[in-house]
Amino acid sequence: MTAEIPREAIEKFQSDLAAVRAELARVIVGQGEIVDGVLTCLLAGGHCLLEGVPGLGKTLLVRTLGQALDLSFSRIQFTPDLIPVDILGAQILVDDGKGGKSIEFQRGPIFANIVLADEINRATPKTQSALLEAMQEQSVTIARTSHTLAAPFFVLATQNPLEMEGTYPLPEAQLDRFFYKLQVGFPDREAMHAILDRTTGNEVVAVKAVLQRARILALRELVRQVPVARSVQDLAIRAVMGTHPDSAEATPKVKRFVRFGASPRGAQAVLLGAKIRAVMQGRIAASGDDVRACALPALRHRMILNFEGEAEGVRADDVLDEVLGSLKSKD
Amino acid sequence: MTAPPTHTPDLLVARAAQRRLRAQRAATAVITSGLYALTALCAAMLLVKLGAIPDRPARVLLGLLALSPLMLGGAAWTRRTTLLDAAARLDAHYGLHDRLAIAIQFRALPDDARTPWTDAAIADGEARAREGLDPAAALPWRWPWESRGALAMLALFAGLSAVEFPVARTLPALVIPPTVRRDPLVLDDDDLAAFRDMARALERDARSPDARRAVGEFQRFLDDISAQRLDREDAFRRLAALQRSMEASQRDERSLNERAMRSVSEAMQRDDATRALSDALRQGDAARAAQELRALAEQARQQRQMDQARREQLARALQPRAQTAQDESLRRQVEQARREIEQMLQRQRERQPSRAEQDLLRRRQQAQAQREQELQRRDESRRRAEHLQRELSQAAQDMLRDLQQAAQGMDRAAEDLSRMNDERQGQMSMQELRQRLEELREQMRQQNGQNGQQQRNRLQRFSQNANGRGQQGQGQGQGQGQGQGQGQGQGQGQGQGQGQGQGQGQGQGQGQGQGGGRPGGLALVPGAGGIPIPAAQGATPTQGGQQPGGSAAGGGGAGSEHDENLRGSAADLTGRTRAIAVAGQQTGNGPSRSQVIRSAAADGFANRPYRQVYSPYWDRAREVLHQGEVPPGYRSYVRRYFQLIRPREETAN
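A. Examining the overall build of chain A more closely. Regarding its fold elements, chain A presents 14 helices and eleven strands. For chain A, buried positions account for 44% of its 331 residues. Contacts spanning at least 24 positions in sequence make up 77% of the contacts within chain A whose residues lie at least 6 apart.

B. Looking closely at the overall build of chain B. The helix and strand inventory of chain B stands at 21 helices and four strands. Buried residues in chain B amount to 32% of all 653 residues. Sequence separation of 24 or more characterises 71% of the internal contacts of chain B that already satisfy a separation of 6 or more.

C. Broad picture of helix H3 (residues 58-68) of chain A. For H3(A), the set of buried residues is Lys58(A), Leu61(A), Val62(A), Thr64(A), Leu65(A), Gly66(A) and Ala68(A). Positive backbone phi, at 55°, marks Asp70(A), one or two positions downstream of H3(A).

D. A look at the packing of helix H20 (residues 610-626) of chain B against helix H21 (residues 632-644) of chain B. All names here are of chain B. Taken N-terminus to C-terminus, the directions of H20 and H21 make an angle of 170°; their axes are 11 Å apart at the nearest point. Comparing their axes, H21 and H20 come out roughly antiparallel. Between H20 and H21 lies a crossing of left-handed hand. Facing Trp618, Ala621 and Leu625 of H20, the residues of H21 in contact are Arg635, Val638 and Phe642. For the contact of H20 with H21, the residue count by class is five nonpolar, no polar and one charged.

E. Seen up close, the sheet that holds strand S2 (residues 73-77) of chain A. Residue and element names in this part refer to chain A. Strand order across the open sheet formed by five strands is S2-S5-S8-S1-S9, with parallel pairing between neighbours. With partners counted over all chains shown, the strands left at the sheet margins are S2 and strand S9 (178-183), one partner each. Taking each pair of neighbouring strands and ignoring which way they run, the sheet shows an average axis angle of 15°. By the bridge criterion, four bridges tie strand S5 (residues 114-118) to strand S8 (residues 154-159) in an arrangement that is parallel. When the bridges of S8 are listed, Leu116 appears paired with Leu156. Against the sheet, helix H2 (residues 32-44) contacts strand S1 (47-51), S8 and S9, and its axis sits at roughly 175° relative to S9.

F. Here's a closer look at the pairing of strand S4 (residues 101-107) of chain A. Residues and elements named next belong to chain A. Counting buried positions along S4 gives zero out of seven residues, so the element sits mostly on the surface. Where strand S3 (residues 89-95) meets S4, seven bridges bridge the pair, whose relative direction is antiparallel. Across the sheet, residue Leu93 finds its bridge partner in S4, namely Ile103.

G. Geometry of the environment of Arg378(B). Residues and elements named next belong to chain B. Tracing the sequence through the fold places Arg378 in helix H16 (residues 355-401). Accessibility expressed as a C-beta count within 10 Å gives 19 for Arg378, which makes it partly exposed. Expressed as a C-alpha distance, the spacing of Arg378 and Leu330, which sit 48 residues apart in the sequence, is 9.6 Å.

H. Fine view of unusual backbone geometry. Cis peptide bonds are those with omega within 30 degrees of zero, and the linkage from Ala151(A) to Pro152(A) qualifies with -5°. Among the secondary structure elements, Pro152(A) is positioned in the loop between strand S7 (145-148) and S8. The phi dihedral of Asp70(A) is positive, around 55°, even though this residue is not glycine. C-beta crowding within 10 Å serves as the criterion here: with 15 such atoms nearby, Asp70(A) is assigned to the partly exposed category. Here the phi dihedral of His97(B) falls at roughly 50°; this positive angle occurs in a residue that is not glycine.

I. Highlighting helix H9 (residues 209-226) of chain B. All names here are of chain B. In a regular helix each residue adds 1.5 Å, so 18 residues correspond to 26 Å; H9 covers 25 Å between its end C-alpha atoms and thus fits that length. Every buried residue belonging to H9 is among Asp210, Ala211, Ala214, Val215, Phe218, Phe221 and Ile225, and all of these are buried. Considered in projection along H9, the buried side chains sweep an arc of 130° and stay on one side of the axis. For H9, the exposed residues lying more than 90 degrees away from the buried face are Pro209 and Asp223. Gln228 sits one or two residues past H9 and shows a positive phi near 55°.

J. Structural view of the interface of chain B and chain A. Between chain B and chain A, the contact holds 17 residues from the first and 20 residues from the second. Among the secondary structure elements, those contributing two or more residues to the side of chain B that touches chain A are helix H3 (83-94), helix H4 (99-107) and helix H5 (116-129) of chain B. Among the elements that make up the side of chain B that touches chain A, the one with the highest residue count is H5(B) (eight residues). Here the side of chain B that touches chain A is built from residues that sort into ten nonpolar, four polar and three charged.

K. How the structure looks around the confidence of the model for chain B. All names here are of chain B. Per-chain confidence: chain B averages 70 in pLDDT, with 66% of residues scoring 70 or above. Per-residue pLDDT stays below 50 along residues 1-7; that stretch engages in eight contacts with residues further than four places along the chain or on separate chains. Scored below 50 in pLDDT, residues 470-557 shows 281 contacts in the model against residues more than four places distant or in partner chains. Scored as a complex, the prediction yields pTM 0.49 and ipTM 0.80.

L. Quick look at the environment of Asp289(A). All names here are of chain A. Its place among the elements puts Asp289 in helix H12 (residues 288-299). Owing to 21 C-beta atoms within 10 Å, Asp289 belongs among the buried residues under this scheme. Spatially, the C-alpha atom of Asp289 lies 9.1 Å from that of Ala278, the residues being eleven residues apart in sequence.

M. Molecular detail of the packing of H2(A) against helix H11 (residues 264-280) of chain A. Residues and elements named next belong to chain A. At a minimum axis distance of 10 Å, the contact between H2 and H11 shows a crossing angle of 115°. Crossing of H2 against H11: the hand is right-handed. Here H2 contributes Asp36, Thr40, Leu43 and Ala44 to the contact with H11, which in turn contributes Leu272, Gly273, Ile276, Arg277 and Met280. Broken down by class, the residue content of the contact of H2 with H11 amounts to five nonpolar, two polar and two charged.

N. Spatial organisation of the environment of Ala90(A). With respect to the helices, strands and loops of the structure, Ala90(A) is situated in strand S3. A sequence separation of 18 residues divides Ala90(A) from Gly108(A), and the C-alpha atoms of the two residues are 7.2 Å apart.

Scoring rules and cut-offs
Residues numbered from 1 in each chain as written. Chains lettered and ligands numbered in written order. Predicted model: local features only at pLDDT ≥ 70, side-chain atom pairs only at ≥ 80, totals over all residues. Helix = DSSP H or I, 4+ residues; strand = E, 2+ residues; numbered from the N terminus. Buried ≥ 20, exposed ≤ 12 C-beta atoms within 10 Å, placed from the backbone. Contact = placed C-beta atoms within 7 Å. Axes fitted to C-alpha atoms, helices over the stretch in contact; angles between N-to-C directions. Parallel < 35°, antiparallel > 145°, perpendicular 65-115°, else oblique. Left-handed = near helix turned anticlockwise from the far one by under 90°. Nonpolar A, V, L, I, M, F, W, Y, C, P; charged D, E, K, R; others polar. Pairing = 2+ DSSP bridges. Expected span 1.5 Å × (residues − 1). Arc of directions from axis to C-beta. pLDDT = per-residue confidence, 0-100.

Okay, here's the thing in structure tokens:
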């Protein structure tokens, strides 16, 4: 393989993603960073947690993405009475039409390429944990039988940060399974105009599938070939180490407000996200800027604030900003 | 796959950025540390200017402070600045997303770690490097904020260096020789007082500058001994130097003057009017010659009418014939010695002289200095003699023309003779001083030599005895009498006593006495003028001290007691005396002389000042000492005795 091959691969990668973005843009207004983040999670083989107030188009985004990617899509609305069987599926007695009956496994909504776990924090921890194995192992075990989920398996979970009454915050172990945690922001005025224009008329937009399943899997392999220099990798490690209050890289805020720092899985997410970001931008290797850009969505949900941090309303993003700032000054 | 070189020309821009980065770091270190170093330098310079820091530590401190920024700058320059840092700066400035840094790192990878993606990244970095990246733009020269402060401190330091503060510097303490030496020469206070009296007398009599200078040196020498500033070695060295200088100044000077006077005296012998003058000149008596010449001048002034024959006779008598000859021999010696010394100095400049050569040169230089000084004195003496001859010759010529002029010429010649006389007096004073120096040397030798302490003790006992104080027993008497000799006395003693009394003035007297350990002794009783005179010997073994004095004063009564060991009866104070013939006894101690005693007794003691009585005694004693008639071990006793009974400044007259 010569140097021209990566360049061509990157260009093809960019064109594919551009097509996806274009299809999404037909439905979703703005939210470019969210779209890129979701695509990053998809290409990294991870899952994405979207956090935002209701009405920002989170569900629409996920559904549109499923359509644009030509992947199976299922949506699960998490409620407190939802049980794991509702998600995973169950063995039920089935009449075979000949008078006989048999027990068959009825697949739950988790058996899809893209699963939207809407308001995931409203389900009980038991139900939430049912999603755990599927997210990590890409398989579901029911009645001692493992059912492999079809690749790509991509979970997009949403949660509302405002209505905390009657919710069950995700446990740390489950949060760690999410590749990114994206915070969906409120659209600006121009974006609001566009949203209103599109949604209050009679126009119905049909989204085409522009990226096939096989291509997605190929892109997943491609992004993992992106090289990372030692200094860039060291930056990612230092960013993760900086979130640990007992490390030398820890900043004052980390020492004061953080109980536990990010796990090594966080470093993996940062570096893999950096690779994808570099390729998205047409670069061959991941840079320090990519690491810094990916550190926030990859690490913000992997830090556990202590009581003081929680009491003072400290946001993980503030702590991470300080950590990343300290890394920049040391360069 | 072959790995490309780590640093290809395409990435030289990163190398240039690295050098720039190092230079900037070094400059920043120099300026930043320079600010603090200059601040410290200003403080140090201020302290130096104020004299708070000695010069040598100050130089070291200032040097270290001045060097410290350079050292820190050098350290910053040598500090490891990686190429990656420089490339990162370029990447950041040009927004290259670490392309150069990544390319540099991927170049360092081994071949088996390379992938097409890494090669593509390297190619991408090199392509970017070829786009005309400017290290100066990426790393602009930024002066640290300390620059202005450093410049201000530099200006302040320059100002402080230029300004001179009017501060009294503390000079190193002068090394003053200790007042008290480890083994100072110690002379008895009484001896020192005696020498001081002698020095004062010599000072009064000294008329020539040499004599006054020598006496002054002698007095300073005594002062140093009194203050115990000299040890034995220093004292003898000073004494020897003083004696040498006096000997050098004395040599042949007297003979030169006398020869000059004799040279002008021969013609004067022929005339009756000038014969007395001639005699005085031949005898070298300059004072009398000057007196005779002034008388002759006065005679010439008064005899306004003098016949021509007489004038011619006097002119011939006054005309000197002989001329003083120059001492060419000494002058040749001086010239030759000077040449030799110059040759020795030249040799010593050419090579390192040995210690012996240095000593020899020093001795020759000292001898040369003495010779030149002597030659100078001889020239001065010769000029004086020539001046005298010229004055007399001029007076002789004037005698034929104008008597007044001749008289003035003779007066001038008399002045020359007076100066010669002063020199002669000075020479006599110097001679006297030399004798005193010899005595002082003897005192020093005896009192501070081996067994010096014993000798001092013996002399102290002798002094006490001579002063009338014994070692055993104490007797003290004090009597005052006025008018008719009324007085009272106290006496207490053991054994037989010696007494000495001093009286002063109109019947007032003071007596003092102590019992002595030995029977017999010499008693000096106050005379009419308060002058102690030897009194009769004898005292009872049990009664010492003084009794009311004679008719005029208190003190010890002469002959009031009797020594049983002596023959004859005690003196009868009632005046009913009788002569006792006492046959002499052979003691084996040699002859005794009684001439002076007899002559003095013939003149009478009572009606002469004590100083006049003392001097013949002391002169005779010196004569005896000089002739060696007193054993050497006892000479000091004789000298000391006469020192102790010398007429004091405050009492004798």
